[in-house]
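# Topology and contacts: notes
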Amino acid sequence: MADTGGVNRNYDRSFSQKLTFALIHACIVAVCIWLAFGPIDWPNPTRARLLAFCAILYWARHCVTLFILLKRQVTYSEVFGLSLFMAVFEIGFLLLGAGILADAPATLGSMDWIALTLVFLGSFLNSGSELQRWKWKKQPSTKGHCYTGGLFGYATHINYFGDSVLFVGWAMLAASIFAWAIPVFVTSGFVFFHIPALDKYLSKRYPAEFDDYASKTAKLVPFIY
């Protein structure tokens, strides 16, 4: 699967795997909610609750992706591997933002509202672009063609850019330098692994359309890269 971005792109409903994934993720979010709203007296309770809201939003979008947008096969190794990663960053962000390592409370300021804006913007870019493509693909005349419209007209992987923006905002809201490891890791994965592999796959599947589209469209960041 090296030329498909590390995933199996064959069509498969994979309902049991997707349901397992959604339930495990729901348990992770439940832990976040308990940590944020439970009996623990955190230095930054409001920040913790905002971070719990981010986890809830991410889970809701994840369910839409799993049960509506995602048509490819999902394996249990993918389910458990990504679930572990989600647990690390969702619970980790919340603990850092709540003040587990802080010497003093970190009050909310203008940068935190910018951070929340980035979370919403990134969520819109990722899920919005995917929903546009899903709606387009439902038309019989689009079979065998590469989608290049909507938000994908600004970057061939605008959905990945959305996730990068989301994680930057989420890390900013956590208010800890340690949180920045996640957006750096995620974006590096997109640039050096997922995008090259997916470009190779799409070039094979839509040889004329994708190559022409990719030659005149930004790869990840609209108008820049």
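Residues numbered from 1 in each chain as written. Predicted model: local features only at pLDDT ≥ 70, side-chain atom pairs only at ≥ 80, totals over all residues. Heavy atoms only, no water.

### Description of helix α3 (residues 76-98)
Counted at 1.5 Å a residue, the expected span for α3 with its 23 residues is 33 Å, and the 32 Å between its end C-alpha atoms agrees. Among all positions in α3, only E78, V79, S83, M86, F89, E90, F93, L94, L96, G97 and A98 are buried. Looking at the buried side of α3, the elements it contacts are α1 (15-37), α2 (45-69), α5 (158-174) and α6 (181-205). Note on α3: the residue one or two positions beyond its end, G99, has a positive phi of about 110°. (Helix = DSSP H or I, 4+ residues; strand = E, 2+ residues; numbered from the N terminus. Expected span 1.5 Å × (residues − 1). Buried < 20%, exposed > 50% of the residue type's maximum accessible area, 1.4 Å probe, protein only. Contact = heavy atoms within 4.5 Å.)

### What about unusual backbone geometry?
In this structure, S14 takes a positive phi of about 50° despite not being glycine. Looking at the element boundaries, S14 is found in the segment before α1. Of note in the backbone geometry, F223 takes a positive phi value of approximately 70° without being a glycine. Along the chain, F223 falls in the segment after α7 (207-215). By relative accessible area, which is 74% here, F223 ends up exposed.

### Details of the nonpolar core
In this structure, F89, F93, L94, F167 and W170 are the most contacted members of the largest nonpolar core, which totals 59 residues. Counting residues per element, the ones that place at least two in this core are α1, α2, α3, α4 (110-137), α5, α6 and α7. Among the elements that line this core, the one with the most residues is α5, at 11 residues. When sequence neighbours within four positions are dropped, the list of residues in contact with W170 reads L51, C54, A55, Y58, F89, E90, F93 and V119. (Core = buried A, V, L, I, M, F, W, Y, C linked by side-chain atoms within 4.5 Å.)

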